Every structure is written in structure tokens, then in C-alpha cells.
Amino acid sequence: MINKPAGSTIIMVAGDYLTINYGFTTFVIPKRVKKGLFVTNYPRIISIFLNALICCTININIMYPPFNAIAAFHTFILKKHKQFLCLLITVFCAGLLHSFSAIAQYQIYKPVTGLFTGKPVPLSPDPLVNMEWSLPKATDDLETYQLRPVSFSLSPSNSFNMESFQKSNVIIVNGKGSIRFDFGRVSAGWLEFDSDDLGDSVLMSISEYNEPAKLNIGTAHQFKTAVAIKYGKTYRLELNPLLYEGVRFGWIHVVSYKKKWHIRNVRLVCQVKPTNYRGSFSCSDPELTKIWYTGAYTVKLNLLKDYFGAILMDRSDRHSWTGDAYPAQAASMVAFGNFDFVKLNLHNTANLSNDIASYALYWVLSLVDYVNYTGDTTLANQYIENAIKKLDLAYLHFGKSPRLNFYGWDERLGAGFENPNREAQNAYSMLSIRAWKEFSELMLGMGKFNEAKKYQQYAIEKMNLVRQENNWLNTFGLHAAADAINTGLIKEDEYNFLFERNFTDRVNRISYSSFNEWFVISAMAKIGRYDEAISAIKDSWGGQIKYGGTTFFEVFRPQWNEVLKNNDAPPNNQAGYTSLTHPWSAGVVKWLSEEVLGIRPLVPGFKKFSVMPHLARSLTSVSGEVPTEYGNISASFDTQTGVGRVKIPAGTLAERLLIPLGKNSPMSLKINGKLEWKSDGTGNRDILFQATGYEDFLVLKNLKAGVYAFEIKYKRRIKQPTLQERPWIYQVNGIRQDSVTGGNWKDKYGSEGVVLFNALKNGQHIQKLPPYLNDFKLSRYKDVHTHVPTSKGLLVYNGSNKNILGAVATKDYNICEQSMTIDLPTNDKNRHRISLYFLDHENEGRRSAIEIFNMNSLDLISPMIYVRNYKEGKYVSFEFEGPIRIRINQVRGTNVTLSGLFFDKIK
């Protein structure tokens, strides 16, 4: 038996037998029938027939006794040439037994047509990772499969009898309550169950994290909880016209109860674009292997019928975002080799920049990337003028601070759409230089010498112009520095300076989004800092897996794991409601294949390519494949055993191949069993030894098509010194929370100053600022001044609180209004203490997260502070020095409500 989704129909051919797995029922039939009938086409005919009959009733209750009886009859009674006829009878009877609801759903459901013939990959979250389709194409429609829950939790436990759930997917309902189901991974799907005796009121919910999701206004369904739509005996949660959402967890809420009834066949119906894993990756660090497959799965979930999607959870921005597609398409080509679909998306987004200046340039880089991987110069010729318009506009923009709209969610980049600032402008200038240079190289390879010369000159001219600015290196933060290094035009002394200034702080070398972090680790690789890049990958992408992620997120900070439990609701912020399945985070897939496995094209289409693996100090082996139009290039290397293997497809040339040694001292090299090199200099003189800081190689050149097995004998093995991991360093300390004092703050807080927000009326605070603060600035907030029924927790002023709540609050559920900021431009360099007072006056379970930044550099200077349980008021205090920005993020509850600031001397 194979591990397969419930309710799906999988057909496999092995030897002389045809195996049909339908849900949890398996039919095994001899492939060859009497007189050779359908010897060649038998599996395909059966597949088509089942798709037409059984699969249109994919929700059939396979535990239904009459169906089981027919299955038993089919399996044990049928003989030889009667098998095919009886199979048709089985299918026909199964269809008759199914309810009308399944016929209605035929318009929506199309079952998976692939086969589980690939190799299992335990580190992949994709349940179909080893499923293969026959020649999948960009024009293929979406298909569906089903998942059963891997675990559940009850509230209260006595309302549900789960004894038969694991065996037969049946639940007995004995009262009101909720069941939370964990399906083990995020999927693009919708939640369903069957019942033939439901007589109560039932709601259903879904989410990517462990609470029912709530999102912003403007969506088809803002709250991911609703009454199920009934189709015969099937109940489905329908939240938007396309049905699918990002679902890891699902709930059934019984809100009224009259008598005992049954829940049957709880399932997640998942959609998938037929896509094969043509690429692969594995290394000696399982975490990195898991990161590669998680990134690939993130992209796969967002492959829609006609284009690359941008997000699973519907929150009103479900359309193709051109810049987001750049890393998603790059990862897709490396993992799936679905070049025709990438080509289609390039068509779809050719004139769509989403009004974001950098996204137009990312489209050009996507075009370059696509042509380099496929050799499709026809498409490049088709879009040369389109690309030229984008590149020339960037030339006109250069140095003039154009309107960027967006460069990334990181605070240092203007926090998304809030205020793209100087750092974003510097980064955009460097991105422009990179785009000109890479487009020039593509044009040169295509023989377009005029275009190649023009854009090479643009890149050199503007890079020289930047160098003329005094102190320019000191004005570049992490993102601008990364984009500068990625131009390939930075000198050694310049990139060493940029690295030491921007890439050595473990906290601040992590961008808020994995989208921007891809450019950071790419820059590290360009200057040979592979150890640091791998460390950053494990902090950023590995941190998301540690949180419990089975896909990668829109934004993430490693500090979340210090205060959140697995799969807890994440902070919502300037990015709005946080997407936990965002394919723009998948650039790491390409990075691992090109930098660690080391396979990359040197000319369009891999006609010439290089294999230059970089294992740094932390890895001892790597293996994998990269798809090309000529076939897969595969490579494997192990520095401990000295064994390696490379397969070069016909029509290609490995112009440069480096065999990694770690720091082991090689004595000899055999290739396909023949001694080719010895350390004493004898043998093939074209094989060279190359040493770097932490990696040594044997270098081979111009290997033609074929399979090459390598065997290295070492004089001695040298254990690499491990990378000394940098600590997390924060400037803010003395963090504490007080939930005892409540509103009676006098004599305990505010000895140097106080701000009571909107205490007198809307827009009128009571405030006395400390001597080191002339003013403060609030952004992205709303005023609150309202009468509340209870005085509990309200801040006291003038001896009373008069049941008036004064506060500032985030503007939920507006799009991207889930956080607010407070800037405190202090005028001295001393350390001070500040306390923030939160009150959840409605007792609705508000939770908030605080981030603190240096107001000048916008570097993060504090671990995330998580605030919960403040229904009776809570003070959050910390010590700081210098100007700071406080960003307060909503986690759960209607919004964040902040009632006051209190300034005190440090005791």
C-alpha cells in the first residue's frame, strides 16, 4: 500500500498488474486480458473511465456498506476476461449508490491524474511530492485530492465521541462544542464533511494557524468562519468563488444541540496544478533539505490554472504581483522545470508592474532568468522593446528619488507602503545597475551587440557616479548594500566594508521578509561568505519551520519563536494580516541549487554550465538535480568519503566543474575507475587544485556529455573548524510587564513624564513630557475617547477616571492598518525607562506585539515583546537610549488599544 490522500483515485502500473487505489480501497487487476485486449491502452482507458464515473463522485463515502460489498465482490469473485466488464459494473453501481450531491460537485472536482511513481521525500511537506504526471503542461486544468486530519482537539471533550474517527472517519456528536482538526500542512483547499442526520446549527472555520482566521475588509469573506453550504449530505465551507483558501487547521463548531448525530468523512479537498518535481536537493544538513522542499511546496500551492498566484489566504490581494513572481518563478524552474508555465506568467505580467518601480525591473530579471534556464531567445526577442522601456525609465529615474511606492516590508525600507525612504532609493539605484548589467550580458550572448553595449555603459556610468558621492558606503544599509554587491561591479575593498558594516549583526542581517532576504544571501554568496549565508538561511527560513510552518511566510522574525508557541497566531503588522503561504519567499530554493549544489547556466539554456558546489564549513555532502531542456543535470559530492558523481546530458558541456574537498588533503583522483590525477603532479595536467578560505577543490574543465564517477583518496582528513555563531545582541533591556497596578499609576509610574491618550476628548491628550523629549510622533492610528460600562483598569487622572476610555488604537480591519508607530526623538544620550499601558476594556482577548527600532538607522534593537491578558490593564516597561521608534502590532482581537506612556528614571 502507498500513502495516499483519502478519496483520490490513483492508477499505477507495475509489472503485469494494474493497481487502482480509490480512497482507502485498492483493486489489483492483471494488466493483460484475454486476446490482448487493451494491452497498450488499458491503463489509460481505465483512467479515463474512472475519471468520468468514479472520480466525479470523489466524495463518495467509501465506508458505505453497499460500496464495500461491491468492492469485495470485485476483488474476490471476478475472474480473468470478465474483470474489465465487472469493473464497469462496479463503477456504475458505485455511482448509483452515491447521492445527488456528488453529481452537483462534479462541476468543481477534477481528481488528480498523476501516479505515485517518484521517490518518497520524507523531508517534504508536500503529500504529492512523489506523484508524477504524464507530460504536465501549462494548459492543464487544476486537479484535486483529499486529505484527512492528522490530529484533532476537542472543546469540550465530552461533546464528541471520537472512538471511530481514526478507523472510519466517523464522529458522534453528543452536545455543543468545537473540534479543531490539524491536516498536518497548509494546503490550497476547502473544508467538507458529510452527515445524513445533522439537525443542529453548525459553523465551520479554517486557518493557516491554530485559531480561526480573521482578515481585513475588502475580501470575499473577511472572517474565515461561516455556515456550511449543504449539498445533499455534504457540508462545505465556501468563503470565496474560487473555494480554496490557505488551510492547515479546520473547525466544526456545533452551536446548538437537539439530539445525537454523526459527522462523517471530514476532509480537506485540495487543488493542485499538475507539476512534477524534476529538480531535487539533499545535503548533510536535513534542515537545509527541508527548506528547499518547503520553498518548492510553497510555490506549487500557488500555481493556479493560468498564472502564478501571490497568496493562498484570501485577503483581497489575490492577483499576480510581478515582483513577487521573480523568486517564485526562479524556484519553480529549479524545482519543477515547468518552463512553459513560467513563460505564460511572463506574458501575463509583461505590462503589469503593480505601480511599483522595482517590480518592473524584477520582471526584466525574470525574463533574463527564464532565457538563461531555457535558451528561449525567441521570447527574449519578442520582449526586447518591452524590457528596454523599463530599463530606460530606470535610467531616467536614477538619482532623482522617483516614487517607488514599495520596496519591501522591512522598517529600513520604509515599512512597505508607509514611506519608501533613502535606503529604498539607494537599493533601487543598485537594482537598476544590476538589471542593466544582466540584460546587457543576455544581449551579448544573443549577439545583440548594440543593446549589450548600451546597458553595460549605463551600469558602469551610474556605478562610477555613485562612487563620486562622498561617504556613499556609509549611507548604504543592509538592503542597498546587498543590491550593490549583486551588481557584480563592487570592488573587493568596497564589499568588505559593506559586509562588516551591514552583514555581521545577526539580528539585523535578517530582513523582515524572505523576499528581501533572498537578495541578502545572494550578496553573501557573491563575496564568498557561504557560512554566514547558511546561518542566515537557518535563522530566517529555518525559523519559520521551527515555528511550525510547512510553507514560507510573507514576513517573519526569528524572535517570534521566543514568545510564540508552535502555530500560534502570528503578529499582524504593516503588511496587514500575515500570510503564512507566500511564494515570494521561495528564492532560497534557487539559491541552494545554484550555490550549495552549485549548478548554474553559463550560456542560455545550459548549453554550457558550471558545477561549483559550496559546502562551507557546516556541510559535508550535497546531491541533487537541476532540470534543463536537454534533460536533468545531476551531481553529488561527499567530502568525507571522497566519492562524487555528475551526469551531463547530451548537447551540453560542463565548462567548469569543481569537486569539493572540504579542507581535506587530496592524494589522488579516479574518474570512472581510471586514475587521472595525483598530488605529486603526475596525471592529467588540466586538473587543478584550488584553495579558498574554508573550501578546497579539484577543478576539471570542459566535460562533455556522460556520467562521471569520482573517487578521491586523501592523504589526511582535516576536521573543519565550526562557524562560531554570532549571538543575538539587543540594545533594549530591562523588559518587564506589570498586570497588578492597573489604572492607579501615580507614585508608581510617570515620575519624569506622562501621556494619557485622548483623556480629555478625541485628539486631546493629557501630557507632560520629560526634559529629554520635546515632542513625539504617532503614526497610523485612530483616536479613542468613549464611555465604557466599567471603570476597571481605566487610567486615573484628576483623582477619577469617570468611566471614560482614552486610547490610541490600530485601524483594524483596514488593509495594512494592523500596526501603529510612536517615534520618540530623544535629545540626550542617557538611558531612560518608558512604560506603555495597554487595556483590553472589552475583554475580547486582545494580544499585541511590540517591536523597537533605532529611530535613525531603523535597525531592530529589541526582542519582540508579546503582550496578552490585559483585560484589567498591563504596563510594559523597558530601558532605552537615543531616539527610538516603537511599532505596536495587532495579533488577535479587534485592534491594539494603548492608553498611556509613562517616563521614569532608571533606579
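Higher on the page you've got the structure.
Residues numbered from 1 in each chain as written. Predicted model: local features only at pLDDT ≥ 70, side-chain atom pairs only at ≥ 80, totals over all residues. Heavy atoms only, no water.

**Considerations on the packing of aromatic side chains**
Here is step 1 of the chain: Across all of its chains, the model carries 50 aromatic pairs by this definition.
Here is step 2 of the chain: With centroids separated by 5.0 Å and ring planes inclined at 55 degrees, the aromatic side chains of Y326 and W518 adopt a geometry described as tilted. Remark: W518 occurs in helix α17 (residues 514-526) and Y326 occurs in helix α7 (residues 322-336); sequence separation between them is 192 residues. Comparing Y326 with W518 shows no difference in burial state: the two are buried. (Phe/Tyr/Trp six-rings, centres within 6.5 Å; stacked < 30°, edge-to-face > 60°. Helix = DSSP H or I, 4+ residues; strand = E, 2+ residues; numbered from the N terminus. Buried < 20%, exposed > 50% of the residue type's maximum accessible area, 1.4 Å probe, protein only.)

**What to know about the layout of surface pockets**
Unoccupied space between atoms shows up once a probe the size of one water molecule is rolled over them.
Here is step 1 of the chain: Looking at the largest pocket, its volume works out to about 920 Å³.
Here is step 2 of the chain: As for the largest pocket, its lining consists of 31 residues, of which N372, E438, K526, E594 and R600 are closest to the centre.
Here is step 3 of the chain: Within the residue set of the lining of the largest pocket, elements represented by two or more residues are α9 (357-374), α12 (422-445), α17, α20 (587-596) and β16 (599-601).
Here is step 4 of the chain: Examining the composition of the lining of the largest pocket, we find that six residues originate from one element, α12, more than from any other.
Here is step 5 of the chain: Looking at the lining of the largest pocket residue by residue, the class counts come to 14 nonpolar, seven polar and 10 charged. (1 Å grid on protein atoms, 1.4 Å probe; cavity = no way out; pocket = protein on both sides within 12 Å on 5 of 7 lines; lining within 4 Å. Points joined across faces, edges and corners; volume = space filled by probe spheres on them. Nonpolar A, V, L, I, M, F, W, Y, C, P; charged D, E, K, R; others polar.)

**Digging into empty space enclosed by the protein**
Here is step 1 of the chain: For the structure on display, the rule yields 12 cavities of 30 Å³ or more.
Here is step 2 of the chain: In this model, the second largest cavity occupies a volume close to 90 Å³.
Here is step 3 of the chain: Around the second largest cavity sit L756, F757, N758, A759, L794, L795, Y797, I804, L805, G806, L839 and S899, which together line it.
Here is step 4 of the chain: Those elements that provide at least two residues to the lining of the second largest cavity are β28 (753-761) and β32 (804-809).
Here is step 5 of the chain: Ranked by residue count, the leading element in the lining of the second largest cavity is β28, at four residues.
Here is step 6 of the chain: Tallied by class, the residues present in the lining of the second largest cavity amount to nine nonpolar, three polar and no charged.

**A closer look at the environment of I633**
Here is step 1 of the chain: Of note, I633 is situated in strand β19 (residues 633-638).
Here is step 2 of the chain: Put simply, I633 and G279 are 354 residues apart on the chain and 9.0 Å apart in space, counted from C-alpha to C-alpha.

**A closer look at the nonpolar core**
Here is step 1 of the chain: Counting 208 residues, the largest nonpolar core has V266, F503, W591 and L669 as the members making the most contacts within it.
Here is step 2 of the chain: For this core, the leading source of residues is α9, giving 12 residues.
Here is step 3 of the chain: Excluding its chain neighbours within four sequence positions, the residues that come into contact with F503 are L478, A481, A482, I485, L498, R509, V520, A523 and M524.
Here is step 4 of the chain: Counting 31 residues, the second-largest nonpolar core is a separate cluster that includes V732, L836, I850 and F878. (Core = buried A, V, L, I, M, F, W, Y, C linked by side-chain atoms within 4.5 Å. Contact = heavy atoms within 4.5 Å.)

**A closer look at the side chain of N573**
Here is step 1 of the chain: Tracing the sequence through the fold places N573 in the loop between α19 (560-563) and α20.
Here is step 2 of the chain: Separated by 3.0 Å, the side chains of N573 and Y512 make a polar contact.
Here is step 3 of the chain: Sequence-distant contacts of N573, defined by excluding residues within four places in its chain, comprise Y512, V555, T578, Q818, S819 and N889. (Polar contact = N/O pair within 3.5 Å; in protein donor to acceptor, adjacent residues only side chain to side chain.)

**Comments concerning the packing of α12 against helix α13 (residues 449-467)**
The relative placement of two packed helices comes down to the angle between their axes together with the axis-to-axis distance.
Here is step 1 of the chain: Contact pair α12 / α13: the axes reach a minimum separation of 8 Å and the direction vectors enclose 155 degrees. In terms of their interaxial angle, α12 and α13 are classed as roughly antiparallel. Note on packing geometry: the crossing formed by α12 with α13 is left-handed. Contact residues: M430, I433, W436, K437, F439, S440, M443 and L444 in α12; F449, E451, A452, Y455, Q456, Y458, A459, K462, M463 and V466 in α13.
Here is step 2 of the chain: Along the lines of polarity and charge, the residues of the contact of α12 with α13 split into 13 nonpolar, two polar and three charged. (Axes fitted to C-alpha atoms, helices over the stretch in contact; angles between N-to-C directions. Parallel < 35°, antiparallel > 145°, perpendicular 65-115°, else oblique. Left-handed = near helix turned anticlockwise from the far one by under 90°.)

**Thoughts on the pairing of strand β4 (residues 143-147)**
Here is step 1 of the chain: By the criterion of burial, β4 is predominantly enclosed, with five of the five residues buried.
Here is step 2 of the chain: Burial of the side chains of β4 extends over both faces: E143, Y145 and L147 are buried on one face and T144 and Q146 on the other.

**Remarks on the pattern of salt bridges**
Here is step 1 of the chain: Under the defined criterion, the tally for this structure stands at 53 salt bridges.
Here is step 2 of the chain: The salt bridge involving K590 is made with D369; its shortest N-O contact spans 2.7 Å. Of this pair, K590 sits in helix α20 while D369 is found in helix α9, placing the two residues 221 residues apart along the sequence.
Here is step 3 of the chain: For K792, the salt bridge identified is with E872, shortest N-O distance 3.2 Å. Of this pair, K792 sits in the loop between β31 (782-787) and β32 while E872 sits in the loop between β36 (865-867) and β37 (874-881); the two residues are 80 residues apart in sequence, bridging distant segments of the chain.
Here is step 4 of the chain: Under the relative-accessibility criterion, K792 is labelled exposed at 52%.
Here is step 5 of the chain: Connected via shared salt-bridge partners are E411, E418, R780, K811, E817, D823, R885 and R887. (Salt bridge = Lys/Arg side-chain N within 4 Å of Asp/Glu carboxyl O.)

**Considering the sheet that holds strand β15 (residues 280-283)**
Either a parallel or an antiparallel arrangement is found when strands of a sheet pair, and the pairing is made through backbone hydrogen bonds.
Here is step 1 of the chain: The strand order β15-β18-β19-β20-β26-β22-β23 describes an open sheet built from seven strands, whose pairing is antiparallel. On the outer flanks of this sheet lie β15 and β23 (674-678), each paired with one strand and no other. Averaged over all pairs of adjacent strands, the angle between strand axes in this sheet comes to 15 degrees, irrespective of strand direction.
Here is step 2 of the chain: By the bridge criterion, six bridges tie strand β22 (residues 665-671) to strand β26 (residues 706-716) in an arrangement that is antiparallel. Within β26, the position partnered with K670 by the bridge is E711. (Pairing = 2+ DSSP bridges.)

**What to know about the packing of α9 against α12**
Here is step 1 of the chain: At a closest axis distance of 10 Å, the pairing of α9 and α12 adopts a crossing angle of 25 degrees. Classified by the angle between their axes, α9 and α12 sit roughly parallel to one another. Of the two elements, α9 crosses α12, and the hand of that crossing is left-handed. Contact residues: A357, S358, L361, Y362, V364, L365, V368, V371 and N372 in α9; Y428, L431, S432, R434, A435, E438, F439 and L442 in α12.
Here is step 2 of the chain: When grouped by side-chain class, the residues that make up the contact of α9 with α12 number 12 nonpolar, three polar and two charged.

**Digging into helix α18 (residues 530-547)**
The periodicity of an α-helix, 3.6 residues per turn, causes residues three or four places apart in sequence to face the same way.
Here is step 1 of the chain: Its 18 residues give α18 an end-to-end C-alpha distance of 24 Å, which sits within 8% of 26 Å, the value for a rise of 1.5 Å per residue.
Here is step 2 of the chain: At W541, α18 shows its maximal kink, close to 35 degrees.
Here is step 3 of the chain: Judged by how many residues are buried, α18 sits mostly within the fold: 16 of 18 residues are covered.
Here is step 4 of the chain: Directly beyond the C-terminal end of α18, a positive phi value near 120 degrees is found at G548. (Expected span 1.5 Å × (residues − 1). Bend = angle between axes of the 7 residues up to and from the residue.)

**Digging into unusual backbone geometry**
Here is step 1 of the chain: Cis peptide bonds are those with omega within 30 degrees of zero, and the linkage from S155 to P156 qualifies with -10 degrees.
Here is step 2 of the chain: Among the structural elements, P156 can be located in the loop between β5 (151-155) and β6 (160-161).
Here is step 3 of the chain: In this structure, the amide linkage connecting D812 to the following residue, Y813, adopts the cis form with an omega of 5 degrees.
Here is step 4 of the chain: Among the secondary structure elements, Y813 is positioned in the loop between β32 and β33 (819-824).
Here is step 5 of the chain: You will see that A616, though not glycine, has its phi angle at about 50 degrees, which is positive.
Here is step 6 of the chain: Relative to the assigned elements, A616 resides in the loop between β17 (608-611) and β18 (621-626).
Here is step 7 of the chain: A relative accessible area of 6% places A616 in the buried class.

**Some details on the side chain of K390**
Here is step 1 of the chain: Tracing the backbone through its elements, the reader meets K390 in helix α11 (residues 384-397).
Here is step 2 of the chain: Of the side chains with opposite charge, E385 lies nearest to the buried K390, which makes no salt bridge, at 11 Å.
Here is step 3 of the chain: Within the structure, the side chain of K390 is placed 2.3 Å from the side chain of N386, a separation counted as a polar contact.
Here is step 4 of the chain: Once residues lying within four places of it in the same chain are set aside, the contact partners of K390 are A350, A360, L361, W363 and V364. (Lys, Arg positive; Asp, Glu negative; His and termini not counted.)

**Remarks on the sheet that holds strand β21 (residues 653-662)**
Here is step 1 of the chain: Overall, mixed pairing links the five strands, which are arranged β16-β17-β21-β25-β24 in an open sheet. The open sheet has two edge strands, β16 and β24 (688-691), and neither has a second partner. Pairwise comparison of adjacent strand axes, ignoring direction, gives a mean angle of 20 degrees for this sheet.
Here is step 2 of the chain: Examined bridge by bridge, β17 and β21 share four bridges and lie parallel to one another. Of the residues in β21, the one forming a bridge with S610 is R656.

**Description of the environment of F878**
Here is step 1 of the chain: Within the secondary structure, F878 is located in strand β37.
Here is step 2 of the chain: For the pair F878 and N733, spaced 145 residues apart in sequence, the C-alpha to C-alpha distance is 6.0 Å.
Here is step 3 of the chain: In this structure F878 touches V732, N733, G734, I735, H832, R833, I834, L836, I852, I865, I884 and I886, once residues within four positions along its chain are discounted.

Interpretation note: all reported values are geometric properties and have no functional meaning in isolation.
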